[in-house]
Amino acid sequence: MPDPIEDADPVRRRERGLRRVGTATRRTAGAATAAALLLGAGYAYMLPGVSGPSSDTAGHPAPNRPHAPVNAPASTTQPAQTTTGAS
């Protein structure tokens, strides 16, 4: 129970209130940061091709990773086409 003399002093009441608001703010910011990190880690885990390691212990590529094409694209004799947004 607070002392009646302490409650009569507005400076002490203000300081106590500021401490309480500061503590609540720090706890809320910490909880929000932790929640954001957990959600980010959960979403990153659920993304396809991102959750697993890039290779296993034998050095073989992981099956869920995209692979480079075996054959390079063939060159053509046609001139390059340019598309612009102008109309």
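Residues numbered from 1 in each chain as written. Predicted model: local features only at pLDDT ≥ 70, side-chain atom pairs only at ≥ 80, totals over all residues. Heavy atoms only, no water.

Q: Is there a simple way to think about the overall build of the protein in this case?
A: Summing up its helical and strand segments, the protein has two helices and zero strands in all. The buried share of the protein, taken over its 87 residues, is 2%. (Helix = DSSP H or I, 4+ residues; strand = E, 2+ residues; numbered from the N terminus. Buried < 20%, exposed > 50% of the residue type's maximum accessible area, 1.4 Å probe, protein only.)

Q: Help me understand the pattern of salt bridges in this model?
A: A side chain with one charge can pair with a side chain of the opposite charge if their charged atoms come near. Counted according to the given criterion, the structure contains two salt bridges. Across the pair Arg12 and Asp9 runs a salt bridge, and its minimum N-O distance is 3.6 Å. Here Glu15 ties to Arg14 by a salt bridge, and the two come within 3.1 Å at their closest N and O atoms. With a relative accessible area of 53%, Arg14 lands in the exposed category. (Salt bridge = Lys/Arg side-chain N within 4 Å of Asp/Glu carboxyl O.)

Q: Can you help me understand a nonpolar patch on the surface in this one?
A: Taken together, Leu39, Tyr43, Tyr45 and Met46 make up a surface patch of nonpolar side chains, about 540 Å² in accessible area. Of note, Met46 is situated in helix α2 (residues 10-46). You can call Met46 exposed: its relative accessible area is 62%. (Patch = residues over 30% accessible without salt bridge, like charges linked within 9 Å, V, L, I, M, F, W, Y side chains within 5 Å. Areas by Shrake-Rupley, 256 points an atom, 1.4 Å probe, with all protein chains shown as cover.)

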